[in-house]
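# Observations on chain architecture
For reference, the chains in residue letters:
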Amino acid sequence: MFDAIKLFYSCVGVIFVIYLLGYSTFLMLSVIYGSLDLYKENKKKKYHNEISHDYYVPVTIIVPAYNEEITVADTVKSLLMMDYRLYEIVVVDDGSSDNTTQVLLDTFSLRKVNRPINRQIPCKRVINVYETVVNGITVTLVQKENGGKADALNMGINASRYPYFICMDADSVLQKDSLKEIVKPVLQDDTIVAVGGLVRISNCAVLNEGELWTTICPGIRLWGCRFWNMTVHLWHPVFSWINLTAT
């Protein structure tokens, strides 16, 4: 009988020690996790306050376009609605054979300017340069000889006024707060020179003024959209590697 009671108290003691160790470990992990969470939240507030107080990193959005008369105007309209203050838009018409330039001229009332472009990076010859200001945002259109997308991007970099630039396609849309989010790493660490973003397929998506409202994939189309998006997402690194290798 005495041995049974002794064994019982020994088991209770072991369980109590395990409980204390587990509870103290839980408290320690909770304190560490809470401290990290508060640290991250304070950093977010700090850089949000910097942006809110007009401390902006100047950014140039470069849009190379080749035969994009259908989408280029809507793309520029969406870029003009970005939730950011200090940026410019440079569209490079890479020798299009359609009405890409004319569509932009008619939509945004661009005027021809005699602006020299310092060709620090080799690229094809400039034909015409047009400019306008829309809601305080400078929009520049550079019409050049055809040289391919890389050459058009080089021209956009040469034409940019700001040290940081974003490259995007003429049939793409940036989320409204993209610039505000993408400059945060630059504000956190002045040694950062490049930041990447997440590219998503907008099939079946309803966009309004640069914001995703909803997705429409009725019936069997839902599975088709999901399969296509997943396929592109999985194979995109491979396609990018092939493109870099070919280049």
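Cut-offs used in this document
Residues numbered from 1 in each chain as written. Predicted model: local features only at pLDDT ≥ 70, side-chain atom pairs only at ≥ 80, totals over all residues. Heavy atoms only, no water. Helix = DSSP H or I, 4+ residues; strand = E, 2+ residues; numbered from the N terminus. Buried < 20%, exposed > 50% of the residue type's maximum accessible area, 1.4 Å probe, protein only. Contact = heavy atoms within 4.5 Å. Areas by Shrake-Rupley, 256 points an atom, 1.4 Å probe, with all protein chains shown as cover. Core = buried A, V, L, I, M, F, W, Y, C linked by side-chain atoms within 4.5 Å. Pairing = 2+ DSSP bridges. Axes fitted to C-alpha atoms, helices over the stretch in contact; angles between N-to-C directions. Polar contact = N/O pair within 3.5 Å; in protein donor to acceptor, adjacent residues only side chain to side chain. pLDDT = per-residue confidence, 0-100.

In terms of regular secondary structure, the protein is built from seven helices and eight strands. Relative to its 247 residues, the protein shows a buried fraction of 30%. Of the contacts made within the protein by residues no fewer than 6 positions apart, 70% connect residues no fewer than 24 positions apart. Accessible area of the protein: about 16,500 Å², with a carbon and sulfur share of 60%.

Ranked by size, the top nonpolar core spans 31 residues in total, and within it Tyr87, Ile89 and Val91 carry the most contacts. For this core, the element with the most residues is strand β1 (residues 59–65), which contributes four residues. Apart from the residues within four sequence positions on either side, valine 91 is in contact with Val63, Ala65, Val72, Val76, Leu104, Thr140, Leu141 and Val142. Within the second largest apolar cluster, nine residues are counted, among which are Ile117, Val129, Val142 and Ala152.

Spatially, the six strands line up as an open sheet ordered β3-β4-β5-β2-β1-β6, and their pairing is mixed. The two strands at the open ends of the sheet, each matched to only one other strand, are β3 (111–112) and β6 (164–167). Inspection of the sheet shows strand β4 (residues 126–134) paired to strand β5 (residues 137–144) by eight bridges, in the antiparallel sense. Within β5, the residue paired with glutamate 131 across the bridge is threonine 140. Against the sheet, helix α2 (residues 72–79) makes contact with β1, β2 (87–94) and β5, and its axis sits at roughly 170° relative to β2, the strand it touches most. Relative to β2, helix α4 (residues 149–159) is tilted by about 140°, and along the sheet it contacts β1, β2, β4, β5 and β6.

Time to look at the environment of alanine 65. Checked against the element boundaries, alanine 65 lands in strand β1. Here alanine 65 falls in the buried class, since its relative accessible area comes to 2%. For the pair alanine 65 and glutamine 143, spaced 78 residues apart in the sequence, the C-alpha separation amounts to 9.8 Å. Excluding its chain neighbours within four sequence positions, the residues that come into contact with alanine 65 are Val72, Val91, Val92, Asp93, Asp94, Ser96, Thr100 and Ala170.

Of note, threonine 101 is situated in helix α3 (residues 100–108). Here threonine 101 falls in the buried class, since its relative accessible area comes to 8%. A polar contact of 2.3 Å, which involves the side chain of threonine 101, links it to the side chain of aspartate 93. The residues contacting threonine 101, other than those within four sequence positions of it, are Asp93, Tyr130, Leu141 and Gln143.

Chain-level pLDDT for the protein is 79 on average; 73% of the residues reach the 70-or-more range. Predicted confidence for residues 232–247 stays below pLDDT 50, and this span has one contact to residues more than four positions away or in other chains.

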